[in-house]
Amino acid sequence: MQTLETEIIVPAPPPEPPAPWSDAKATRRALYPRAFAGLFLRDLHVLRREKIPFLIRVCMNPLLFLFVFTYIMPHMSGGAAINPTAAMAGGNFSTVLLPGLMAVAIMFSGIAAVALPLAQEFGITREIDDRVMCPLPVAAVALEKICFSAVQSMIAAAIVFPLAYFVPATPVYAHVLNWPFLILILVLASLTAGALGLTIGTTVKPQQISLIFGTVVMPITFLGCVYYPWARLDKIPWLQHLVLINPIVYMSEGLRAALTPELEHMDPRIVVVMLTFFFLLLSTAGIRGFLRRVIS
């Protein structure tokens, strides 16, 4: 007698449904910080290879200004008469100049770190296309440029500080009473400089970017309360109010309040509010211009 064996066929389980669109989007967003960090580290690696040109760009302008106005002229007969600004500041001209030159270094470095590379990336080679292909929103690519330029600006300020402290023939009296406030001003000023560089780089045509330094950067520097406190403009009221649209005024006055609190300076609360305002305003304009240039 034979036993019949029956084979039981178990049907395969149905395939799992695809992940909802919202889950896929959340997964993609979770990768954004890694992509942002990778882009940032890539730029940092490039900066390390070009550290000598970076140091020359940062140091040359403040070093020459310090050497002429705070070293040569004090050794000359009648140096205060030759330099009216020094005569106005008395023996504290080097102290007044310290935060101003740090603000100039922050501004120049922030603009040069964003505007000049964008002029090349938006050129014929369209190197910007390689950046926007990374797994990040296009606006985040623009924000990464602002953040990386802010790092360069803070490095520039740190480099200028010993130059402005040791080169002058007259002593520099600087002391920090509030370190968190100094760090806040450095961060806000550096981010604002990067946002301004992004705005310039996405607004001006690449072949006209060199004109910006003569028509925009130099005027806002000389009218940015770099070489004199803002309060000393009270003799020219219309100019004192006009320069308030210049973001470098708040950088200089904020650093002056943090490094040389015994000298005249603007209210620190106003400085923080205005630097935040200019950062948001310029970032919005710069990111919109970046999106327009990338898509076009």
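Here, the structure is the one placed above.
Calculation notes
Residues numbered from 1 in each chain as written. Predicted model: local features only at pLDDT ≥ 70, side-chain atom pairs only at ≥ 80, totals over all residues. Heavy atoms only, no water. Helix = DSSP H or I, 4+ residues; strand = E, 2+ residues; numbered from the N terminus. Buried < 20%, exposed > 50% of the residue type's maximum accessible area, 1.4 Å probe, protein only. Contact = heavy atoms within 4.5 Å. Axes fitted to C-alpha atoms, helices over the stretch in contact; angles between N-to-C directions. Left-handed = near helix turned anticlockwise from the far one by under 90°. Nonpolar A, V, L, I, M, F, W, Y, C, P; charged D, E, K, R; others polar.

Undergrad: Report on the overall build of the protein chain, specifying residues and quantitative values.
TA: Summing up its helical and strand segments, the protein chain has 13 helices and zero strands in all. Along the protein chain, helices and strands appear, N-terminal first, in the series α-α-α-α-α-α-α-α-α-α-α-α-α. When burial is assessed residue by residue, the protein chain has 44% of its 296 residues classed as buried. Pairs at least 24 residues apart make up 82% of the contacts formed inside the protein chain by residues separated by at least 6 positions.

Undergrad: Run through the environment of Leu98, naming residues and quoting values.
TA: Within the secondary structure, Leu98 is located in helix α6 (residues 93–121). Accessibility expressed as a relative area gives 0% for Leu98, which makes it buried. Residues Leu98 and Pro62 lie 36 residues apart in sequence; the distance between their C-alpha atoms is 9.8 Å. Beyond its immediate sequence surroundings of up to four residues, Leu98 is in contact with Phe161, Ala164, Tyr165, Val172 and Ala174.

Undergrad: Which residues make up the side chain of Asp43, and what are the values?
TA: On the secondary structure map, Asp43 appears in helix α2 (residues 32–49). With a relative accessible area of 7%, Asp43 lands in the buried category. If we skip the residues at most four places from it in the chain, Asp43 touches Arg131, Glu144 and Phe148.

Undergrad: So, the packing of α6 against helix α9 (residues 179–203): which residues are in play, and what are the values?
TA: With their axes 7 Å apart at the nearest point, α6 and α9 run at an angle of 35 degrees to one another. In terms of crossing hand, the pair formed by α6 and α9 is right-handed. Residues Ile106, Met107, Gly110, Ile111, Val114, Ala115 and Leu118 of α6 lie in contact with α9, whose contacting residues are Leu186, Ala189, Ser190, Ala193, Gly194, Leu196, Gly197, Leu198, Ile200, Gly201 and Thr202. When grouped by side-chain class, the residues that make up the contact of α6 with α9 number twelve nonpolar, six polar and no charged.

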